[in-house]
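Structural characterization, general
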Amino acid sequence: MGDVDVLSTRFKSRLHLQSKTIGADRIKKAKENNEDIAVLSMFLPNASAREENRNFYCTLGDHCRLGDPNSTKAGTKKMEYKTRQWHENCFCCCVCKIAIGTKSFIPREQEIYCASCYEEKFATRCIKCNKVITSGGVTYKNEPWHRECFTCTHCNIILAGQRFTSRDEKPYCAECFGELFAKRCTSCVKPITGIGGTRFISFEDRHWHHDCFVCASCKTTLVGRGFITDGPDIICPECAKQKLM
């Protein structure tokens, strides 16, 4: 029998970042602590901003979209993230090249990605449908599945949260596995699946459910006791003696 495990939702939280307006004191504190936030601000013409403007250099360098990585034209905006700076229009996704603005983004190895490009490039994908798993799922044989894609190979019922087992690396619900592959009880003819710790008894080429292994005459359980075969039947020693009398 196999078990299903819910995938971590960490990936989902990474793609749903939030943007909000914060005050100057909060921005200063974020910069001092090198916090994982991006700050969008405007180039100012006043004297207090001149020194800061002189130190500005767009991260895109020679590829700066304004043509001058040192440009600090008053009224235009800049984006600051960690220790790096960009002009507003230069702070763009490294894949689609669209400016991030105030939308969500994901940093990875010095590159900046918009949420959709990050999903396309790095997201966990369902082994069955190959679509992105954004809100959890299940793992089976160390491979990710959407919950709705993880189904019985035979009847297609969703297996997440249910008992199931496998054959030839393929998952089956307990009912289908029993009907297709399991041994059958000599007494009740129902499948003996073994799923969930089901106990059974085997003798020669015959098999019984634990509860079906009883004397054919008196119906007393024979589990843990001696028994005698009587044609197709099994009987307890007491009933065997009665038949001989």
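Residues numbered from 1 in each chain as written. Predicted model: local features only at pLDDT ≥ 70, side-chain atom pairs only at ≥ 80, totals over all residues. Heavy atoms only, no water.

The chain appears in an unreviewed UniProt entry as LIM zinc-binding domain-containing protein from Glossina brevipalpis.

**Quick notes on the overall build of the chain**
Rules: Labels follow the DSSP assignment, with helices taken as runs of H or I lasting at least four residues and strands as runs of E lasting at least two, numbered in each case from the N terminus. Categorising residues by exposure relies on relative accessible area from a 1.4 Å probe, with only protein chains included: less than 20% of the type maximum marks a residue as buried, more than 50% marks it as exposed, and the intermediate range marks it as partly exposed. Contacts were defined at the residue level, with two residues in contact if any of their heavy atoms lie within 4.5 Å. Per-residue and other accessible areas were derived by the Shrake-Rupley procedure at a 1.4 Å probe size, with only the shown protein chains allowed to occlude residues.
The helix and strand inventory of the chain stands at six helices and 16 strands. Put simply, the chain has 245 residues, and 31% of those count as buried. In the chain, the proportion of contacts linking residues at least 24 apart, taken out of those at least 6 apart, comes to 36%. Of the roughly 15,700 Å² of accessible surface on the chain, 48% is carried by carbon and sulfur atoms.

**Considerations on the confidence of the model for the chain**
Selection criterion: Confidence of the predictor at the level of single residues is given by pLDDT, which spans 0 to 100.
The predicted model of the chain has a mean per-residue pLDDT of 81, with 83% of residues at 70 or higher. By mean pLDDT, strand S1 (residues 5–6) is the weakest element of the chain at 34, and strand S4 (residues 84–87) is the strongest at 93. In this model residues 1–19 is a low-confidence stretch, pLDDT under 50, and it forms 43 contacts with partners more than four residues away in sequence or in other chains.

**A word on the pairing of strand S9 (residues 164–167)**
Inclusion rule: Two strands qualify as a pair provided that DSSP identifies no fewer than 2 bridges between them.
Direction of pairing for S9 relative to strand S10 (residues 170–173): antiparallel, over a ladder of four bridges. When the bridges of S10 are listed, Phe164 appears paired with Cys173. Hairpin connection, S9 to S10: the antiparallel pair is bridged by two residues, and Asp168 has positive phi, about 55°.

**Details of unusual backbone geometry**
With phi around 55°, Lys82 is a residue other than glycine that occupies positive phi space. Looking at the secondary structure, you find Lys82 in the loop between strand S3 (77–81) and S4. One non-glycine residue, Asp168, lies in positive phi territory at about 55°.

**Re the sheet that holds strand S2 (residues 38–42)**
Applicable threshold: The angle between two axes is taken between their N-to-C directions and runs from 0 to 180 degrees, where each axis is a line fitted to C-alpha atoms and a helix contributes only its stretch in contact.
Across the sheet, which stays open at both edges, the three strands sit in the order S2-S3-S4 with antiparallel pairing between neighbours. The strands lining the two open edges of the sheet, one partner per strand, are S2 and S4. On average, each strand axis in the sheet is inclined to that of its neighbour by 25°, with strand direction left out of account. As judged from the five bridges shared by S2 and S3, these two strands associate in the antiparallel manner. The residue bridging Met42 from the neighbouring strand is Lys77, located in S3.

**Some remarks on the pattern of salt bridges**
To be explicit about the condition: A side-chain nitrogen of Lys or Arg and a carboxyl oxygen of Asp or Glu constitute a salt bridge if their distance falls within 4 Å.
According to the stated counting rule, one finds five salt bridges in the structure shown. In this structure, the salt-bridge partner of Glu52 is Lys78, at a minimum N-O distance of 2.8 Å. On the criterion of sequence distance, the pair formed by Glu52 in helix H3 (residues 47–54) and Lys78 in strand S3 is long-range, its members being 26 residues apart. Using a relative accessible area of 2% as the deciding quantity, one classes Lys78 as buried. As a salt-bridge pair, Glu169 and Lys141 come within 3.9 Å of each other at their nearest N and O atoms. You can see Glu169 sitting in the loop between S9 and S10 and its partner Lys141 sitting in the loop between strand S7 (138–140) and strand S8 (143–145), a full 28 residues away along the chain. On the basis of relative accessibility, which here comes to 58%, the residue Glu169 falls in the exposed class.

**Quick look at the packing of aromatic side chains**
Heads up, the rule is: Any two rings among Phe, Tyr and Trp, with Trp reduced to its six-membered ring, count as a pair given centres within 6.5 Å; such a pair is stacked if its planes are under 30 degrees apart, edge-to-face if over 60, and tilted if neither. Counting as a charge over the ring demands two things of the Lys NZ or Arg CZ atom: a distance within 6 Å of the ring centre and an angle within 35 degrees of the ring normal.
Enumeration according to the criterion identifies 16 aromatic pairs in this entry. Ring centres of Tyr118 and Phe122 lie 5.0 Å apart, and the angle between their planes is 45°; this geometry places the pair in the tilted category. Highlighted residues: Tyr118 and Phe122, both in helix H4 (residues 115–122), separated by four residues, approximately one helical turn. Looking at Tyr118, the relative accessible area reads 7%, which means it is buried. Phe122 gets classed as partly exposed once you look at its relative accessible area, which sits at 26%. Residues Tyr140 and Phe164 carry aromatic rings whose centres are separated by 5.6 Å and whose planes lie at 70° to one another, so their mutual orientation is edge-to-face. A residue pair is termed long-range when its members are at least 10 positions apart, and Tyr140 in strand S7 and Phe164 in strand S9 qualify at 24 residues. Residue classification places Phe164 among the buried positions, given a relative accessible area of 1%. Here the aromatic residues Tyr81, Trp86, Phe91 and Phe105 are joined through ring pairs into a cluster of three or more. The ring centre of Phe122 lies 3.9 Å from the NZ or CZ of Arg108, which sits over that ring.

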